[in-house]
Amino acid sequence: FRLTEPSGYLTDGPINYKYKTKCTWLIEGYPHAVLRLRFNHFATECSWDHMYVYDGDSIYSPLIAVLSGLIVPEAPGNETVPEVVTTSGFALLHFFSDAAYNLTGFNIFYSINSCPSNCSGHGKCTSSNSIPSRVFCECDKYWKGEACDIPYCKNNCGSPDHGYCDLTGEKLCVCNDSWQGPDCSLNVPSTESYWILPNVKLFSPSVGRASHKAVLHGKFMWVIGGHAFNYTPS
């Protein structure tokens, strides 16, 4: 199937997909456009029936996703539906099923140069000044992230008893004396651990540490634990 509209759906049909199926969809945008695929429903025989997604117009393009099994949103609504993104302006999807077992299949919505996750209901989709053909999410007051899906202050910091949300400085929770944690939900003292994301300036002495763990995820490196040696006798 060849799809040329700026947005639309691709699906295996209203009932279970057939055995021994081979189907291919080519979504044609224009060069270097961002194309988003939103998996509203996906259910295939795990490890046997697969959907292959290529960032381009052929199987020789980069393979960016292979999907099999169940994809279930974390909560009702489109805000948590998984997305796959291509940047070439095209997408080739190939579905294969074997001869043994079948499930309800898939319903995938695609759109060209749309905002991620419709800004999660916490912002508006706005055109870029530098690249007019591109769009981005302009987030509401208490939200951040590419899709406006990350709250600056989760649960409003338990205000007023636990703390308050400070939007004038670093935009985070400021906890009262008896509370701690990113959302001021943990007692002081507490036996529970929690994650923080420090703002570290380039070449800051606090970057140096030992006995830590590091995880590389995409373009970011997360450094966990360890000891920092910021002072010396000399």
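Please refer to the structure higher up on the page.
This one's a predicted model, so the numbers in the text were calculated from it and none came from an experiment.

1. Considerations on unusual backbone geometry
With an omega of 0 degrees, the peptide bond running from Ser-159 to Pro-160 counts as cis. Looking along the chain, the bond that leaves Val-188 and enters Pro-189 is cis, with omega of -5 degrees. In the Ramachandran plot, Ser-47 falls in the positive-phi region, its phi being about 75 degrees despite a non-glycine side chain.

2. What to know about the environment of Asp-183
Among the secondary structure elements, Asp-183 is positioned in the loop between strand 17 (179–180) and strand 18 (186–187). In sequence terms Asp-183 and Cys-173 are 10 residues apart; their C-alpha atoms lie 6.0 Å from each other. Once residues within four sequence positions are removed from consideration, Asp-183 is found in contact with Lys-154, Asn-155, Cys-157, Gly-158 and Cys-173. A distance of 2.6 Å separates polar atoms of two side chains, one belonging to Asp-183 and the other to Ser-185.

3. A short note on the pattern of salt bridges
Taken as a whole and assessed by the stated rule, the structure comprises four salt bridges. The partner of Glu-146 in a salt bridge is Arg-36, and the shortest N-O contact between them spans 3.7 Å. One end of the pair, Glu-146, is in the loop between strand 13 (143–144) and strand 14 (150–151); the other, Arg-36, is in strand 4 (residues 35–43), and 110 residues separate them in sequence. Exposure remark for Arg-36: the relative accessible area of 8% places this residue in the buried category. Taken together, the salt bridges that share partners define one network made up of Arg-36, Arg-38, Glu-83 and Glu-146.

4. Observations regarding the packing of aromatic side chains
This structure, assessed with the given rule, holds seven aromatic pairs. Ring centres of Tyr-9 and Phe-109 lie 5.0 Å apart, and the angle between their planes is 55 degrees; on these two criteria the pair is classed as tilted. With a gap of 100 residues between them, Tyr-9 in strand 2 (residues 7–11) and Phe-109 in strand 10 (residues 105–112) connect regions that are remote in the sequence. Ring geometry for Phe-42 against Phe-106: centres 6.1 Å apart, planes inclined by 25 degrees, an arrangement best described as stacked. Here the residue Phe-42 occupies a position in strand 4, and Phe-106 occupies one in strand 10, the gap between them amounting to 64 residues. Residue Phe-42 shares its accessibility class with Phe-106, and that shared class is buried.

5. Examining the sheet that holds strand 9 (residues 90–96)
Taken in spatial order, the five strands line up as 1-3-9-5-6 in an open sheet, and their pairing is mixed. With one partner strand each, in any of the chains shown, strand 1 (2–3) and strand 6 (63–67) form the two edges of the open sheet. Strand direction decides the pairing type here: strand 3 (residues 22–28) and strand 9, joined by seven bridges, are antiparallel. Looking at the pairing, Cys-23 lines up with Phe-95 of strand 9.

6. Considerations on the state of the cysteines
Under the defined criterion, the tally for this structure stands at six disulfides. Each sulfur of the disulfide joining Cys-139 and Cys-148 lies 2.1 Å from the other. Here the S-S torsion is close to -95 degrees, and the disulfide linking Cys-139 with Cys-148 is therefore left-handed. The exposure class of Cys-139 is partly exposed, given its relative accessible area of 26%. Shown here is the disulfide that connects Cys-175 with Cys-184, its sulfur atoms set 2.1 Å apart. As the torsion about the S-S bond is roughly -90 degrees, the Cys-175-Cys-184 disulfide counts as left-handed.

About the cut-offs
- Residues numbered from 1 in each chain as written.
- Predicted model: local features only at pLDDT ≥ 70, side-chain atom pairs only at ≥ 80, totals over all residues.
- Heavy atoms only, no water.
- Helix = DSSP H or I, 4+ residues; strand = E, 2+ residues; numbered from the N terminus.
- Contact = heavy atoms within 4.5 Å.
- Polar contact = N/O pair within 3.5 Å; in protein donor to acceptor, adjacent residues only side chain to side chain.
- Salt bridge = Lys/Arg side-chain N within 4 Å of Asp/Glu carboxyl O.
- Buried < 20%, exposed > 50% of the residue type's maximum accessible area, 1.4 Å probe, protein only.
- Phe/Tyr/Trp six-rings, centres within 6.5 Å; stacked < 30°, edge-to-face > 60°.
- Pairing = 2+ DSSP bridges.
- Disulfide = S-S within 2.5 Å.

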